[in-house]
Amino acid sequence: MTLLENPTARFLMCRPEHFAVSYSINPWMKPKRWAGDAGAHAAAEREWAALHRQLIKLGAAIELVPPVPGLPDLVFTANAAVVLDGKALLARFRHPQRQREEGHFAAAFRALQARGLIDAVRKLPKGLVLEGAGDCVWDARRNLFWMGYGPRSDAGAARAVKEMFGQDVVALELADPRFYHMDTALAPLPGGEVMYLPSAFTAAGLAAIRERVAPDERIEIAIEDGRRLAANAVSLGSTLIMSGCGPRLRAQLAERGYEVVATPLSSFLRSGGSAFCLTLRLDRRSVALTTFEREAAVA
Ligand code: ARG
């Protein structure tokens, strides 16, 4: 497998000091159950630390957003922005509970810009909602963004992404409230496969995926893996980091040359998030396709 990975993968993360399930904006979140579980916060701290350690062990560099009291979901940095080619398009959130994160993520990106790690920081046009890489994921092999819309992001945001980054955007309507962010149900893998949960998409969305992903590049996961948020994986070279993975999916991925590293993140699943949600890749670059490759891609 040839991988066009950058020498150092750089991620944005946020320590879970103030993480909790204190409101409910998706079907995973049960604040009462969380409040009644004395060990919940400590478990989250341990799980997050293990993920952080794993990424560092694999050679990644980690940048941190300072945690803020009263913003429990700030840990889900995937939602901060869409980032590509040194440009960041800051998120705008659907729910008031998370809108309060916007200013903190903006400040974090300005700080990254001051350090030369990001070149440009932009806002979405007025009125448009897009929850960052939670709903807009770069596919390095196809040179396009997959964008989910419906529960958390507006279909109209596709145009803003296209204009800002000058890249194609394939907008997919989401169909299942449990998979309210596209990254909970779809992951483009570095070798060109796309791992996804078919039932998370509308018929039109599914058709759009299958139109662009050849049958031998489709990894359609079962609902059991969907519910473990296996599609919410971080890929680093040929390693896929996820909270959990059934034996069948693990074998299927191994056959394609991927090693699954399972690092339990069940505390974050209680909020509707997993490995990918807890990270945001800052160093992705698009590759200008040669004419030959462009022709091959449409052939
Ligand atoms: N509780 C958070 C929310 O509902 C979880 C966000 C998960 N992030 C993600 N990129 N899927 O907004």
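Refer to the structure printed above.
S.K.: For the overall build of the protein, give the residues involved together with the corresponding values.
M.R.: Secondary structure summary: the protein contains 10 helices and 15 strands in total. What you see for the protein is a C-alpha radius of gyration of 18 Å, in line with the 19 Å of a compact globule of 299 residues. Each of the three principal axes of the protein carries a C-alpha extent, and together these read 55 × 45 × 40 Å. Here the protein holds 299 residues, and the buried ones make up 56% of them. Contacts spanning at least 24 positions in sequence make up 73% of the contacts within the protein whose residues lie at least 6 apart. Of the roughly 12,800 Å² of accessible surface on the protein, a fraction of 53% belongs to carbon and sulfur atoms. One way to put it: in the protein the 37 positive side-chain charges average out to a point 4 Å from where the 32 negative ones average out.

S.K.: Quick one: what's the story with the sheet that holds strand 7 (residues 144-149), residue by residue and with numbers?
M.R.: The strand order 6-7-8 describes an open sheet built from 3 strands, whose pairing is mixed. Each edge of the open sheet is held by one strand with a lone partner, namely strand 6 (136-139) and strand 8 (168-173). When strand polarity is set aside, the average angle formed by the axes of neighbouring strands in this sheet is 25 degrees. Where strand 7 lies against strand 8, 6 bridges are found, and the strand directions are parallel. In the sheet register, Gly148 faces strand 8, and the bridge partner there is Leu172. Sitting on the sheet, helix 6 (residues 203-212) touches strand 7 and strand 8, and the angle it makes with strand 8 is about 140 degrees.

S.K.: If you had to explain the sheet that holds strand 11 (residues 218-220) to someone new, which residues and values would you point to?
M.R.: Spatially, 3 strands are ordered 9-10-11 in an open sheet, and the strand pairing comes out mixed. Looking at strand neighbours, the two that pair on one side only are strand 9 (186-188) and strand 11, the edges of this open sheet. Recorded for the sheet is a direction-independent mean angle of 15 degrees between the axes of neighbouring strands. In this sheet, strand 11 lies alongside strand 10 (residues 194-196) in parallel orientation, the contact comprising 3 bridges. From the neighbouring strand, Val194 faces strand 11, where its bridge partner is Arg218. Contacts from helix 6 reach strand 9, strand 10 and strand 11 within the one sheet, and its direction differs from that of strand 10 by about 160 degrees.

S.K.: Tell me about the site of the ligand, and please be specific about residues and values.
M.R.: The ligand sits among 18 residues. The nearest are Asn26, Arg98, Asp183, Ser271 and Cys277. Asn26 is positioned such that a nitrogen or oxygen atom in its side chain is 2.7 Å from an oxygen atom of the ligand. Within the side chain of Asn79, a nitrogen or oxygen atom sits 3.0 Å from a nitrogen atom of the ligand. The fraction of the free accessible surface of the ligand (350 Å²) that becomes covered by protein chains is 100%. Along the lines of polarity and charge, the residues of the shell around the ligand split into 6 nonpolar, 8 polar and 4 charged.

S.K.: Please give an account of helix 4 (residues 102-114) that cites residues and values.
M.R.: A rise of 1.5 Å per residue sets the reference length of helix 4, with its 13 residues, at 18 Å; its end C-alpha atoms lie 18 Å apart and thus fit the reference within 8%. Where helix 4 is concerned, the buried positions are Phe105, Ala106, Ala108, Phe109 and Leu112. Down the axis of helix 4, the sector holding all buried residues measures 160 degrees, keeping them to one side. Among the exposed residues of helix 4, those pointing more than 90 degrees away from its buried face are Arg110 and Ala114. Elements in contact with the buried residues of helix 4: strand 1 (10-13), strand 2 (61-64), strand 3 (81-84), strand 4 (87-90), strand 5 (120-122) and strand 15 (280-281).

S.K.: Summarise the environment of Leu236; cite the residues concerned and give the values.
M.R.: Counting through the fold element by element, Leu236 comes out in strand 12 (residues 234-236). By relative accessible area, which is 10% here, Leu236 ends up buried. A C-alpha to C-alpha distance of 27 Å links Leu236 and Gly205, two positions 31 residues apart in sequence.

S.K.: Requested: an account of the packing of aromatic side chains, with residues and values cited.
M.R.: All told, the structure shown has 7 aromatic pairs when counted by the stated rule. Here the aromatic rings of Phe19 and Phe76 are separated by 6.0 Å at their centres, their planes lie at 85 degrees, and the arrangement is edge-to-face. Of this pair, Phe19 sits in the loop between strand 1 and helix 1 (31-35) while Phe76 is found in the loop between strand 2 and strand 3, placing the two residues 57 residues apart along the sequence. Among the residues examined, Phe76 registers a relative accessible area of 4% and is labelled buried. Ring geometry for Trp138 versus Phe145: centroids 4.9 Å apart, planes at 65 degrees, classification edge-to-face. By the burial criterion, Trp138 is buried, and Phe145 matches it. Cluster of aromatic residues (ring-pair linked, three or more members): Phe19, Trp34, Phe76 and Phe268.

Quick notes on the rules
- Residues numbered from 1 in each chain as written.
- Predicted model: local features only at pLDDT ≥ 70, side-chain atom pairs only at ≥ 80, totals over all residues.
- Heavy atoms only, no water.
- Helix = DSSP H or I, 4+ residues; strand = E, 2+ residues; numbered from the N terminus.
- Rg over C-alpha atoms; globule rule 2.2 N^0.38 Å.
- Buried < 20%, exposed > 50% of the residue type's maximum accessible area, 1.4 Å probe, protein only.
- Contact = heavy atoms within 4.5 Å.
- Areas by Shrake-Rupley, 256 points an atom, 1.4 Å probe, with all protein chains shown as cover.
- Lys, Arg positive; Asp, Glu negative; His and termini not counted.
- Charge placed at Lys NZ, Arg CZ, Asp CG, Glu CD.
- Pairing = 2+ DSSP bridges.
- Axes fitted to C-alpha atoms, helices over the stretch in contact; angles between N-to-C directions.
- Near = heavy atom within 4 Å.
- Polar contact = N/O pair within 3.5 Å; in protein donor to acceptor, adjacent residues only side chain to side chain.
- Nonpolar A, V, L, I, M, F, W, Y, C, P; charged D, E, K, R; others polar.
- Expected span 1.5 Å × (residues − 1).
- Arc of directions from axis to C-beta.
- Phe/Tyr/Trp six-rings, centres within 6.5 Å; stacked < 30°, edge-to-face > 60°.

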